[in-house]
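Residue strings, one per chain:
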Amino acid sequence: MAAAPEERLDVLNAAGEKTGVSKPRSEVHRDGDYHRAVHVWIYSESTGELLLQRRADCKDSWPGQWDISSAGHISAGDSSLFSAQRELEEELGIKLPVDAFELLFVFLQECVINNGTYTNNEYNDVYLVTTLTPIPLEAFTLQESEVSAVRYMRCDEYKSCLAKESEEYVPYDVNGKYGQLFNTIEERYKDNTQSRSLTLQKKINRYAPIHLEPDLTTLSEGDREALGYILKAAIVIDDIFYEQVWNSNRMLRDWLKGHSESSALDKLKWAYYSINKSPWSCLDENKAFLSTADSAVKLLTDATKPVSGWKGVEYRAAFPLDKPPGANFYPPDMDKMEFELWKSSLSDKEQKDATGFFTIIKRLDSLSSPSLTQSDGSDQTKTSDDLFIVPYSKEYRSSLEKAAELLEKASACSDSPSLKTLLRTKANAFLSNDYYESDIAWMELDSNLDVTIGPYETYEDGLFSYKATFEAFVGIRDNTATSQLKLFGDQLQDLERNLPMDNVFKSDSVSAAPIRVINLLYNSGDVKGPQTIAFNLPNDERIVNERGTSMVMLKNISEAKFKHILKPIADACIREEQKEYVDFEPYYTHIVCHECCHGIGPHSITLPSGKKSTVRLELQEFHSALEEAKADIVGLWALNFLIKKGLLPKSLSQSMYVSFLAGCFRSIRFGLEEAHGKGQALQFNWLYDKGAFVLHSDGKFSVDFTKVEDAVESLSREILTIQAKGNKPAAQSLLQSRATLTQPLCVALEKIEHMQVPVDVAPNFGTANKLLGKV
């Protein structure tokens, strides 16, 4: 029988990136090439033990020594997670799903052994599998060519043996990066209930509770009936969003909710999780406030060979300490370079699908459900590579069918022709994955019951800003306030014509953005942490080019934020002589102008090469923060322009700048990982450096009215030009140099923290919950 071909490994450069070359394993170690491997540790919570394996005596590296639970190379073309699963199954006979593996860190091991004949330059993805109790030793099926024995050992005992460099164990530097394994476990299982409770309570206190009970008397009888179905559909949308954030998020949500009455700490975990809709804190740079030790427990009865009297493997559904930048839109072990290489091999249509709003990217080796493996391909785009494309209508089919049915029922009830059309077309879009018609219907909505529902924003996609998350906003139209704001839509083309950028980049076909003011009744989906006060949609460049955008203002949320947050911030940070300028009218007017300014400036662009593209596609992960900064700063420029035209009162000319200054400190508290916070830091630092914002010796700030107009215009020009040219390096440079937590910002934030000003509001949907029977 012919010998099996030798395993080939991808050769990496010294930075850990693929070179495009693969070589046989023996040659890689002979030549000292960098390559990748996986380390999988199994940890038992109840005993505080790690599982060790004894390497077979025939191994060409560290034979007969005790080592990691399971480890192995990542074969050429294979993914990290697939390799971790494969090695565990091959070496120990354990079959575990992806959600059992927690990526702790990446460890670079560089050493030479066997008298200089074996060089190991290896990037190791170190995973932790957490079980509630030890897996019985008789449950393992050992691969004789790799493993001669297994045993459990207490973490502290094993760490001590490594520190003493005992020859029984494969060496790891526990005082170096590999010490993270032991530090993570030690920190995770400390008995610190009281301190954790105090920390979580402090985090929760950053949100001021508000009660939303808008008046429903303007609704017709039919629209009231439709509202019940719409609210139920919004709950389904929430389920989809939880799934989009991270693959086990819905499971964690249900687990935390089910255990929320078990203890005071569990109640706080659930309360803060409910605000963030994930285990990562929006106001703390997405730092995890929970760990896998808090996560849901799953039972697998067939993960190993059966053992009499043992029910099976109980493990914690793992999640990483660092929020996955690709959320659940891409394979968790896919990096940007892999995606770009794969995308370059696709046809034009496939590339458009891969970078589109309404698809996710999966790996062929991740398929486990029969519905996917038996697909005829009609609902997904397969490519020649390991990655492939799945439309939302397939990925979230069960939920979207339920939501579509509810919207169809709501459409049948409604008395409003435009609302009936919106609900019907949105139901169709959920099933067809084509949102064009429904987005047009949303722009034309003219109903006292205002509904926004579907996939829109791309903030969760931290890799490319390609993928849209589902959300829902249900509100009651404020017709008086809506009619008062018509001015901004009417002036949109004139604003575009006069933007501070080269005329060659300007559009002569900007459509006026209809503005609707509502009082929020209920929201769901991608509304977490800081609450949205306005939004400008759709994001589809086709519609933006053809019809412009529409804007929805959430007046009762704006009023609550001004009362609970902005006024106290002004008291803490603005000099006495300018404090009177901080008023709700300029604050709210700038919010309106911010949303209008999303609709002007560059969207579809022509690159220097002549290629047609969009700002979003070119700026990728820098797009969201720069777009938020553009809308803000150009919004200030636009207000000044309208004041000079006599269309707005001159009384706004100073108050808008001071109110904006106070608002900077509010938004930056969202954190610099969040698009609005990052964009606000960029603006503050630019205006401060230009002398438009001044920090005084008493630690308070003021606006220099002689400098602020020029500073606003210069930053507007800078951002608009970067967008118009699709200049990603310039966008990166601007954000990295300016979107930072500078000393003046720290001064302000310390003052606000000292006064314990809330960071944002947390709504209680009183009226909606009554309608849903949640009282």
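Being a predicted model, the structure only gives us computed values, none of them experimental. (Residues numbered from 1 in each chain as written. Predicted model: local features only at pLDDT ≥ 70, side-chain atom pairs only at ≥ 80, totals over all residues. Heavy atoms only, no water.)

1. Some thoughts on the side chain of arginine 188
Then, number 1: Along the chain, arginine 188 turns up in helix H4 (residues 179-188).
Then, number 2: Arginine 188 sits in the buried class, given a relative accessible area of 13%.
Then, number 3: When sequence neighbours within four positions are dropped, the list of residues in contact with arginine 188 reads Glu102, Leu128, Ser291, Thr292, Ala293 and Leu321. (Helix = DSSP H or I, 4+ residues; strand = E, 2+ residues; numbered from the N terminus. Buried < 20%, exposed > 50% of the residue type's maximum accessible area, 1.4 Å probe, protein only. Contact = heavy atoms within 4.5 Å.)

2. Quick look at the pairing of strand S3 (residues 34-44)
Then, number 1: Of all eleven residues in S3, ten are buried, a share of seventy percent or more.
Then, number 2: Where S3 and strand S8 (residues 118-131) come together, eleven bridges link them in parallel fashion. Its bridge partner being in S8, valine 40 is matched across the sheet by tyrosine 127.
Then, number 3: Pairing geometry for S3 and strand S4 (residues 49-55), over two bridges, is antiparallel. Residue pairing for S4: tyrosine 43 is matched across the bridge by leucine 50.
Then, number 4: Where S3 folds back onto S4 in an antiparallel hairpin, the turn is made up of four residues, including glycine 48, whose phi is positive at roughly 65°. (Pairing = 2+ DSSP bridges.)

3. Quick look at the UniProt feature "domain: Nudix hydrolase" (unreviewed entry) in the chain
Then, number 1: Mapped onto this numbering, the UniProt entry annotates "domain: Nudix hydrolase" (unreviewed entry) at residues 33-175.
Then, number 2: Along residues 33-175 one finds 15% helix and 41% strand; the C-alpha atoms at either end are 26 Å apart. (UniProt positions renumbered as here; feature names shortened; annotations may be inferred.)

4. Looking at helix H25 (residues 652-668)
Then, number 1: For H25, with 17 residues, the first-to-last C-alpha span of 24 Å sits near the 24 Å given by 1.5 Å per residue.
Then, number 2: Across the 17 residues that make up H25, a large majority, 15, are buried. (Expected span 1.5 Å × (residues − 1).)

5. A look at the pattern of salt bridges
Then, number 1: Applying the stated criterion across every chain yields a total of 58 salt bridges.
Then, number 2: Between lysine 770 and glutamate 213 there is a salt bridge whose closest N-O contact spans 3.9 Å. In this pair, lysine 770 is assigned in helix H30 (residues 766-771) and glutamate 213 in the loop between strand S10 (207-211) and helix H6 (221-245), connecting sequence segments 557 residues apart.
Then, number 3: Residue arginine 547 is joined to glutamate 444 by a salt bridge in which the shortest nitrogen-to-oxygen separation is 2.8 Å. (Salt bridge = Lys/Arg side-chain N within 4 Å of Asp/Glu carboxyl O.)

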